[in-house]
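# Observations on chain architecture
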Amino acid sequence: MPHRPAWAPDDVEIERPSAARMYDFYLGGSHNFEADRELARLAVSHWPDLPLVMRANRAFLRRAVRYLVEQGVTQFLDLGSGIPTVGNVHEEAAAANPACRVVYVDVDPVAVAHSRLLLQGVPGAAVVHADARDIDSVLSAAPTRTLLDLSKPVAVMMVALLHFVPDADDPIDLVARYREAMAPGSYLAVSHATVDGIGELMRDHERIYQRSATPIYARTRAQVQALFDGFELVEPGVVFLPLWRPDPEEPPVERPERFSGYAAVGRVLPPSGTREATRER
């Protein structure tokens, strides 16, 4: 029988890999099991750039949070937040504005357990154990109702989330239902795996993840852009991960398509369709 670490919740299947725990492994974390590590090593053996891709995704999240705080947003709903690691949303947001409030949401019990430990004594941040597809549970959860005022602008983070939502669950409709709950001036941040640029390599990656509890469904740029129906895309639009508002000191990226993921941020327009900035006061 596989060894169950003392920190592992009793209801976790430690013999079945999870994308959240594999992501933790790619980023150098320790909150994963042998089954996660075994499948993650297989994925890296097929795609040596994979840890680099994961770090680029994490870097996009940090840049997006900083940008959103600059726009006046002080409320964040981070869906599919994963296992805590360096540069979490609440850390990046609070560094820019200590008044920021963050609600993390994840379905993985390990991610939730460690988030709760991390957030003990942290004001303005909490975690909800829920499936992001269950919008009613997410929005009615006590931490959400306590920390977030959805009548004011909020940033909904769907970073590396929607490529785990199959077509059968209609990711476009899922985003639309969250949009309906977002006040004008709110923002949506998305990163999403793509088949564009690397073709069969990503299809092979999808086949590997079919062995996990969380299969991956890569999509094209047009499919990712369709997720932003009802939003005004922020410049530079839907672009490969390292191309979304890179830090000025970062060197130019060669072959950005090898990062195999798109990033974008969109803003909910006021009902009148005006483009004046709506900031939370």
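Our subject is the structure listed above.
In what follows, the accompanying structure is described. None of these values were measured; they are calculated from a predicted model.

Analysis parameters
- Residues numbered from 1 in each chain as written.
- Predicted model: local features only at pLDDT ≥ 70, side-chain atom pairs only at ≥ 80, totals over all residues.
- Heavy atoms only, no water.
- Core = buried A, V, L, I, M, F, W, Y, C linked by side-chain atoms within 4.5 Å.
- Buried < 20%, exposed > 50% of the residue type's maximum accessible area, 1.4 Å probe, protein only.
- Helix = DSSP H or I, 4+ residues; strand = E, 2+ residues; numbered from the N terminus.
- Contact = heavy atoms within 4.5 Å.
- Axes fitted to C-alpha atoms, helices over the stretch in contact; angles between N-to-C directions.
- Parallel < 35°, antiparallel > 145°, perpendicular 65-115°, else oblique.
- Left-handed = near helix turned anticlockwise from the far one by under 90°.
- Nonpolar A, V, L, I, M, F, W, Y, C, P; charged D, E, K, R; others polar.
- Salt bridge = Lys/Arg side-chain N within 4 Å of Asp/Glu carboxyl O.
- Lys, Arg positive; Asp, Glu negative; His and termini not counted.

A separate point is the nonpolar core. Formed by 35 residues in total, the largest nonpolar core has its most connected members in L77, L79, M158 and Y178. Secondary-structure elements contributing two or more residues to this core are β1 (75-79), β2 (101-106), β3 (125-129), α6 (135-140), β4 (155-159), α8 (171-180), β5 (187-193) and β8 (261-268). The contact partners of M158, leaving out residues within four places of it in the chain, are L79, V175, Y178, L188, A189, V190 and S191. Residues V73, V112, Y187 and W244 belong to the second largest nonpolar core, which totals 31 residues.

This next bit is on the packing of helix α2 (residues 34-46) against helix α9 (residues 200-209). Contact geometry of α2 with α9 gives a least axis separation of 10 Å together with a crossing angle of 165 degrees. Between α2 and α9, the crossing angle belongs to the class labelled roughly antiparallel. Here α2 and α9 pass one another in a crossing that is right-handed. For the pair α2 and α9, contact is made by L39, L42, A43 and H46 and by L201, D204, H205 and I208, respectively. For the contact of α2 with α9, the class distribution of residues is five nonpolar, two polar and one charged.

With that settled, the discussion passes to the environment of V65. Position of V65 relative to the elements: it lies in helix α3 (residues 50-70). Expressed as a C-alpha distance, the spacing of V65 and A94, which sit 29 residues apart in the sequence, is 10.0 Å.

We now examine the pattern of salt bridges. Applying the stated rule across the entire model yields 15 salt bridges. Salt-bridge contacts for R66 lead to D247; the nearest nitrogen and oxygen are separated by 3.0 Å. Highlighted residues: R66 in helix α3 and D247 in the loop between β7 (239-240) and β8, separated in sequence by 181 residues. Overall, D247 belongs to the partly exposed group, its relative accessible area being 23%. With its nearest N and O atoms 2.7 Å apart, the salt bridge here joins R133 to D131. The partly exposed category is assigned to D131, whose relative accessible area is 26%.

With respect to the helices and strands, D78 occurs in strand β1. Salt bridges are absent for the buried D78, whose nearest opposite-charge side chain, R58, sits at 6.3 Å. Discounting residues that sit within four places of it in the chain, D78 has contacts with V89, V103, Y104, V105 and M157.

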